[in-house]
Amino acid sequence: MSTHASDPLAALGSLPGVAEAVDSVRKAVDRVYGHRVMRRRSNEISSEAALRGARGSAALAGADWALEEVRRRTDFSVDAEARTVGAALRLGAEAGQLLSIWRQSPLRVLARLHLVAAGDAGVLGGTGPGDTVGRPRLDGESVDEPLIDGPVPTPAEVAGRLDGLAELIVAGSGAPALVTAAVIHGELLALRPFTSYNGLVARAAERIALVGSGLDPKAICPAEVGHAEQGRAAYLAAFEGYLSGTPDGMGAWIAHCGRSVELGVRESTAVCEALQRGAA
């Protein structure tokens, strides 16, 4: 049995509000997986969840497009907002392909996520992929992150903390999936390890962790939808709790992520109901 010394994430399960959030998420996920539409049309629900999750993640990054606009568009290179939406869509499509690699080589997955997000537009300058794509930033390289302000950790600190995060993922944890996913999300937001698209990558990594853990194996509970629905102000306030490192702050961040999963469940439940009525 893991101890808190060898499994530091396990201790987070006893923080204020976390056990209640974990239980509420588990019950919500079980309910949507039990929906009769899931027996026959789960692939459609998964595809729709990926689309809606991408829309939500892009909205948090400053590209708040209507769902039908995201669905209609085919050109995602015309301006910064379109490139953000395109990056979110590519990440949503790629995440499921990386599950088998995640537990063995999470840093490789993060590098791949950034490469996929950057696409053909390159980083910052838009002149081609360049050598800043798919690797942590170096000394002197700036960070373009529209949502998160404030000083960024040094590349040396980023390298050390990324290694520590990767070790936790590879070793596994007895902590609930929600706790692990929330920490991965929060740590990547805090580090902003890449020169761009850090928020999109952090939310994609959270999705991979939730799916890979077995909590949401069919990827039908898009937490990104819930993060966007709760709003940027609430997202940032909860993230400040993560940055504080206090028990209350960490608990609030995990609970916020839990509520986001529940709202993603609600979205997919609505899709199930629409399919059942023949309206989608």
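Residues numbered from 1 in each chain as written. Predicted model: local features only at pLDDT ≥ 70, side-chain atom pairs only at ≥ 80, totals over all residues. Heavy atoms only, no water.

Asks: Please explain the overall build of the protein as it appears in this structure.
Replies: Looking only at helices and strands, one finds 12 helices and 0 strands in the protein. For the protein, the N- to C-terminal ordering of α and β elements is α-α-α-α-α-α-α-α-α-α-α-α. Expected size for 280 residues packed as a compact globule is a radius of gyration near 19 Å; at 18 Å, the protein falls within 12% of this value. The principal-axis extents of the C-alpha atoms in the protein amount to approximately 55 × 50 × 35 Å. Of all intrachain contacts in the protein linking residues separated by at least 6 positions in sequence, the fraction that spans at least 24 positions is 70%. Carbon together with sulfur atoms contributes 53% to the accessible area of the protein, which is approximately 12,300 Å² in total. Looking at charge distribution, the protein has the averaged site of its 28 positive side-chain charges lying 8 Å from that of its 33 negative ones. (Helix = DSSP H or I, 4+ residues; strand = E, 2+ residues; numbered from the N terminus. Rg over C-alpha atoms; globule rule 2.2 N^0.38 Å. Contact = heavy atoms within 4.5 Å. Areas by Shrake-Rupley, 256 points an atom, 1.4 Å probe, with all protein chains shown as cover. Lys, Arg positive; Asp, Glu negative; His and termini not counted. Charge placed at Lys NZ, Arg CZ, Asp CG, Glu CD.)

Asks: Would you explain unusual backbone geometry in this entry?
Replies: In terms of backbone geometry, most residues other than glycine have negative phi values and most peptide bonds are trans. Although it is not a glycine, Y197 adopts a positive phi angle of roughly 60 degrees. With respect to the element layout, Y197 can be found in the loop between α8 (177-191) and α9 (198-212). Even without being glycine, A219 reaches a positive phi, approximately 55 degrees. One can find A219 in the loop between α9 and α10 (223-230). Owing to a relative accessible area of 16%, A219 belongs among the buried residues under this scheme. (Buried < 20%, exposed > 50% of the residue type's maximum accessible area, 1.4 Å probe, protein only.)

Asks: What is the right way to look at the environment of E68 in this model?
Replies: When you line up the elements, E68 lands in helix α3 (residues 67-72). Looking at E68, its side chain comes within polar contact range of the side chain of R71, at 3.3 Å. (Polar contact = N/O pair within 3.5 Å; in protein donor to acceptor, adjacent residues only side chain to side chain.)

Asks: Explanation requested: the pattern of salt bridges in the structure shown.
Replies: When charged atoms on two side chains of opposite charge get close, those side chains can pair. For the structure shown, the criterion picks out 16 salt bridges. Its salt-bridge partner being E48, residue R71 comes within 2.8 Å of it at the nearest N-O pair. Taken together, the residues span a long stretch of sequence, with R71 in helix α3 and E48 in helix α2 (residues 38-60) at a distance of 23 residues. The shortest N-O distance in the salt bridge between D64 and R55 comes to 2.9 Å. (Salt bridge = Lys/Arg side-chain N within 4 Å of Asp/Glu carboxyl O.)

Asks: Would you take a moment to explain the packing of α10 against helix α12 (residues 247-277) for this structure?
Replies: Think of two packed helices as two axes; the pair is described by the angle between the axes and how far apart they sit. At a minimum axis separation of 6 Å, α10 and α12 run at an interaxial angle of 110 degrees. Considering their axes alone, α10 and α12 lie roughly perpendicular with respect to each other. Along its contact with α10, which presents A223, V225, G226, H227, E229 and Q230, the element α12 presents H256, C257, R259, S260, V261, L263, G264, R266 and E267. Counted by class, the contact of α10 with α12 contains 5 nonpolar, 6 polar and 4 charged residues. (Axes fitted to C-alpha atoms, helices over the stretch in contact; angles between N-to-C directions. Parallel < 35°, antiparallel > 145°, perpendicular 65-115°, else oblique. Nonpolar A, V, L, I, M, F, W, Y, C, P; charged D, E, K, R; others polar.)

Asks: Explanation requested: the nonpolar core in the structure shown.
Replies: In a soluble, globular protein the nonpolar side chains are often hidden away together inside. If you look at the biggest cluster of nonpolar residues, it comprises 81 residues, and the most contacted ones within it are W102, L110, L113, W253 and V261. At 10 residues, α8 tops the list of elements feeding residues into this core. For L110, the contacting residues outside a window of four places in its chain are W102, L162, L188, F194, V201 and A205. (Core = buried A, V, L, I, M, F, W, Y, C linked by side-chain atoms within 4.5 Å.)

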